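The chain contents come next:
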Amino acid sequence: MKKILPYFKPYKVQSILGPLFKLLEASFELIVPVIVSLIVDKGLGAYVDGGYPNADRSYIVSMCLVLCAFGLVGLACSVTAQYFAAKAAAGVSAQVRKALFGKLQSLSYSDMDKLGTSAMLTRMTNDVNQLQAGINMVLRLFLRSPFIVFGAMIMAFFIDPTSALVFAGAIPVLAAVVFAIMLVCMPLYKKSQAKLDKVLLSTRENLTGARVLRAFCKEEDEKQLFSRRNGALTKSQKFVGGISALMNPLTYALINVAIVVLIYVGALRVNSGHISQGNVLALYNLMSQILVELIKLANLIITVTKSAACGSRIEGVLVMESSLQLFPPSDFESEKQAERSGARASDSADSVTSADSAAFIEFDHVSMRYQGGGENALTDIDFCLKRGETVGVIGGTGSGKTTLVNLVPHFYDVTEGSVKVAGKDVRAYDPKALRDKIGVVPQKALLFKGTIRENLLWGKADATDEELMLAAKAAQADKVIEDKGGLDAPVEQGGRNFSGGQKQRLTIARALVRRPEILILDDSASALDYATDAALRKALKNLDYSPTVFVVSQRTSAMNGADKIVVLDDGKTAGIGTQEELLENCSVYREIYRSQHKEEKA
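Residues numbered from 1 in each chain as written. Predicted model: local features only at pLDDT ≥ 70, side-chain atom pairs only at ≥ 80, totals over all residues. Heavy atoms only, no water.

S.K.: With reference to specific residues and values, describe the overall build of the chain.
M.R.: Helices and strands together make up the secondary structure of the chain, namely 20 helices and 12 strands. The C-alpha radius of gyration computed for the chain amounts to 36 Å, which surpasses the reference 25 Å derived for 602 residues by more than 25%, pointing to a less compact arrangement than a globule. Going through the 602 residues of the chain one by one, you find that 46% of them count as buried. Across the chain, contacts joining residues at least 24 apart in sequence account for 75% of those joining residues at least 6 apart. Of the roughly 30,500 Å² of accessible surface on the chain, a fraction of 58% belongs to carbon and sulfur atoms. (Helix = DSSP H or I, 4+ residues; strand = E, 2+ residues; numbered from the N terminus. Rg over C-alpha atoms; globule rule 2.2 N^0.38 Å. Buried < 20%, exposed > 50% of the residue type's maximum accessible area, 1.4 Å probe, protein only. Contact = heavy atoms within 4.5 Å. Areas by Shrake-Rupley, 256 points an atom, 1.4 Å probe, with all protein chains shown as cover.)

As structure tokens, then:
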């Protein structure tokens, strides 16, 4: 929980005032039994013939007014404490949620794959809410309940040390019970939260894949899977809930036994003349206060146990560091060579290299393995590109095409070798500086809720309408924008009010808005018809800033016009060259090409 403590700093005043006002309220509450004792002993006097002939009514009234005053002040203190505790708890949880979101944004693709989407959602929602409830309860009760318990015991010693030994014996036993249950429950709550991740995973998969599930009539199978996961969660929660539920009855039983013993001892002390009836009543009230506070403390322990488990899960994310390797530029001889040759990357295309023959992007014997993967996704990939060239990447499903292009913006680390941009290893770049020069269009076209304009501005925040429409025209998306009513047309969540082809064109336009030096099209034209695809390729060739383009596709027609084609087969290079060279020398490419083009009849 150390990582969460710094988020209390802006709410330090509230975190102090909340418990202080609760302690002030508790102080007034501890005085109440003493006042009641005085009312009995001094106000009522001795019991004679079934009445109190010596009762002092004015004294009784004045003491009752004092009790009312204490009650009102205590109420004011309680409300004030609740306000400060709630403000601190809500503020800290908001800061933690913000930090958690920021941490998730900083993690690499590998880290996010390992953590899992459902686990991240659980931490952002349920875990943070549990943490907030725990902070609120702690600030209100963590000091108040022990203060009353031990304060009541100390006051009992002042009233009658002999009777107070009952308090001294009961409190350690109660503390042992409470902490034993807490130690048992804490790891169980953590396991229960992990089972909640699986329930959320089922829910998320069913919501996002509803069409696929219904198309394959898998509703019943998914219901059964959800039922199993939900049953495991319920069983876990019932088990830990049953253990934590022992807290209240055990504390009730122990306190009631202590009250019986206290009344018995008190009666003997009254008969012997050592204490008054009012003292016994005060001792009984103090023991009752201990009972109430221990019940509150038991509930607090249960809540804190849940919160601690959730806080530990949150902290596990906050302490994560991105697994992406980032090295100082001085570690790379390639950068020194780039400095000497004047070939450092810049916003100007001509300033990166002074020689047309110099490599702009270089894959130097690259191998890559995913975390937890048994085999390499890529093995010994070696080729280079000049600035402004277009490279096609083609291969069968699972051949490593997407993995290859994801190495250029440093989404993943290489296992062996290096990927260089402008003579500099991508690991030596600041990730933001590198990715600002790259336009990426992923396989899955994704638009965000808002307007078309807001989505396109992701490419360049200060782009003018003219720039947006120029990019849209190049991406063959200008007609889509016109049909939808212009740049301010609404986009629903995930872009579900657009067809697959429309979304692809808009995501290509979003990448082109920033005028990238490197453009990565990862199978981003799969939903386009051949005429639109051809028009798109022609428009990309005619761009005035000549980006270096990666075209990933399973269509050989998408390779038309590529300066170089990289053919992948099971993560290895099956061939590199032009289409004509590959048709002659590469059997893998020739097989793909022939499967998509019918032989002309003689």
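Having seen the model, we can carry on.
S.K.: Give me the packing of aromatic side chains: which residues, what numbers.
M.R.: Applying the stated criterion to the full structure yields 9 aromatic pairs. Judged by centre distance (5.2 Å) and plane angle (45°), the ring pair of F28 and F70 falls under tilted. You can see F28 sitting in helix 1 (residues 12-44) and its partner F70 sitting in helix 2 (residues 57-106), a full 42 residues away along the chain. Look at F70 and you get partly exposed, because its relative accessible area is 21%. Summarising the aromatic geometry, the rings of F448 and W458 are spaced 4.3 Å apart at their centres and angled 15° between planes, so their arrangement reads as stacked. With a gap of 10 residues between them, F448 in the loop between strand 6 (438-441) and strand 7 (450-451) and W458 in the loop between helix 14 (452-456) and helix 15 (465-474) connect regions that are remote in the sequence. Residue F448 is classed as partly exposed on the basis of its relative accessible area of 33%. (Phe/Tyr/Trp six-rings, centres within 6.5 Å; stacked < 30°, edge-to-face > 60°.)

S.K.: Mind laying out the side chain of R313, listing which residues take part and the relevant values?
M.R.: Tracing the backbone shows R313 in helix 10 (residues 277-318). For R313, a relative accessible area of 9% corresponds to the buried category. Beyond its immediate sequence surroundings of up to four residues, R313 is in contact with T122, R123, D127, Q193, A194 and D197.

S.K.: I'd like a rundown of the sheet that holds strand 11 (residues 564-569), residues and numbers included.
M.R.: Within the open sheet, the 6 strands sit side by side as 6-9-10-3-11-12. Their pairing is mixed. Edge strands, defined here as strands with exactly one partner in the open sheet, are strand 6 and strand 12 (572-577). Between one strand axis and the next, the sheet turns through 15° on average, direction left out of account. In the packing of helix 17 (residues 500-513) onto the sheet, contacts are made with strand 6 and strand 9 (518-522), and the angle to strand 6 comes to roughly 175°. (Pairing = 2+ DSSP bridges. Axes fitted to C-alpha atoms, helices over the stretch in contact; angles between N-to-C directions.)

S.K.: Mind laying out the pairing of strand 11, listing which residues take part and the relevant values?
M.R.: Burial within strand 11 is extensive, with 5 of its 6 residues counted as buried. Pairing of strand 3 (residues 390-395) with strand 11, which is carried by 5 bridges, proceeds in the parallel orientation. Note that in strand 11 the partner of V391 across the bridge is K564. Relative to strand 12, strand 11 runs antiparallel, the two sharing 5 bridges. In the sheet register, I565 faces strand 12, and the bridge partner there is G577. Between strand 11 and strand 12, which pair antiparallel in sequence order, lie 2 residues; one of them, D570, sits at a positive phi of approximately 55°.

S.K.: Lay out the nonpolar core with the relevant residues and their values.
M.R.: Counting 44 residues, the largest nonpolar core has I452, L456, L506, L512, L521, I565 and Y589 as its most contacted members. With 6 residues, the top contributor of residues to this core is helix 17. Apart from residues no more than four positions distant in its own chain, I565 is found in contact with G392, I394, M559, G575, I576, G577, T578, Q579, L582 and Y589. Among the nonpolar cores identified, the runner-up in size contains 43 residues, and F167, I171, I181 and I302 belong to it. (Core = buried A, V, L, I, M, F, W, Y, C linked by side-chain atoms within 4.5 Å.)

S.K.: Would you mind going over the sheet that holds strand 5 (residues 424-425) in detail, with residue names and values included?
M.R.: Ordered by their spatial adjacency, 4 strands build an open sheet running 2-1-4-5, and the pairing between neighbours is antiparallel. Each edge of the open sheet carries a strand with a single partner, namely strand 2 (378-385) and strand 5. Here strand 1 (residues 361-368) pairs with strand 2 via 5 bridges, running antiparallel. When the sheet's bridge partners are listed, M368 is paired in strand 2 with L378.

S.K.: Explain a nonpolar patch on the surface to me, using residue names and the numbers behind them.
M.R.: Judged by side-chain polarity, I263, L281 and Y284 come together as a nonpolar surface patch covering roughly 240 Å² of accessible area. Mapped onto the secondary structure, L281 falls in helix 10. (Patch = residues over 30% accessible without salt bridge, like charges linked within 9 Å, V, L, I, M, F, W, Y side chains within 5 Å. Salt bridge = Lys/Arg side-chain N within 4 Å of Asp/Glu carboxyl O.)

S.K.: A description of the pairing of strand 3 should follow, citing residues and the corresponding values.
M.R.: A large share of strand 3 lies buried, amounting to 6 of its 6 residues. Taking every second residue as pointing to the same face, both faces of strand 3 are buried, with T390, G392 and I394 on one and V391, V393 and G395 on the other.

S.K.: Tell me about the packing of helix 9 (residues 247-271) against helix 10, and name the residues and values.
M.R.: It is the contact of helix 9 with helix 10, at a shortest axis distance of 10 Å, that shows an interaxial angle of 170°. Taken together, the axes of helix 9 and helix 10 lie roughly antiparallel to each other. Of the residues in the contact of helix 9 with helix 10, the class split is 19 nonpolar, 6 polar and no charged. (Parallel < 35°, antiparallel > 145°, perpendicular 65-115°, else oblique. Nonpolar A, V, L, I, M, F, W, Y, C, P; charged D, E, K, R; others polar.)

S.K.: Talk me through the pattern of salt bridges; I want residue IDs and the actual numbers.
M.R.: Inspection of the entire model under this criterion finds 20 salt bridges. In this structure, the salt-bridge partner of R144 is E25, at a minimum N-O distance of 3.4 Å. Here the residue R144 occupies a position in helix 5 (residues 144-159), and E25 occupies one in helix 1, the gap between them amounting to 119 residues. Assigned by exposure class, R144 and E25 land together as buried. Residue D465 is joined to R453 by a salt bridge in which the shortest nitrogen-to-oxygen separation is 2.4 Å. In this pair, D465 is assigned in helix 15 and R453 in helix 14, connecting sequence segments 12 residues apart. Beyond isolated ion pairs, a larger network of salt bridges with shared partners links K22, E25, E29, R144 and E293.

S.K.: Go over helix 18 (residues 530-541) with me, naming the residues and quoting the values.
M.R.: Here helix 18 contains 12 residues, and its C-alpha end-to-end distance of 17 Å stays within 8% of the 16 Å for a straight helix at 1.5 Å per residue. Of the residues making up helix 18, those classed as buried are T532, D533, L536, A539 and L540. An end-on view of helix 18 places all buried positions within 125° of arc, on one side of the element. For helix 18, exposure combined with an orientation more than 90 degrees from the buried face picks out Y530, A531 and K538. Buried residues belonging to helix 18 abut helix 15, helix 17 and strand 9. Its side-chain oxygen placed 3.1 Å from the backbone nitrogen of A531, D529 serves as the N-cap of helix 18. (Expected span 1.5 Å × (residues − 1). Arc of directions from axis to C-beta. Polar contact = N/O pair within 3.5 Å; in protein donor to acceptor, adjacent residues only side chain to side chain.)

S.K.: Can you lay out the packing of helix 1 against helix 5 for me, pointing to particular residues and giving the numbers?
M.R.: The N-to-C vectors of helix 1 and helix 5 enclose an angle of 30°; their axes lie 10 Å apart at closest approach. The angle between helix 1 and helix 5 places the two elements in the roughly parallel class. Judged by the sense of rotation from one axis to the other, the crossing of helix 1 with helix 5 is right-handed. In this structure, helix 1 contributes K22, L23, E25, A26, S27, E29, L30 and V34 to the contact, and helix 5 contributes R144, F147, I148, G151, A152 and M155. The class makeup of the residues in the contact of helix 1 with helix 5 is 8 nonpolar, 2 polar and 4 charged. (Left-handed = near helix turned anticlockwise from the far one by under 90°.)

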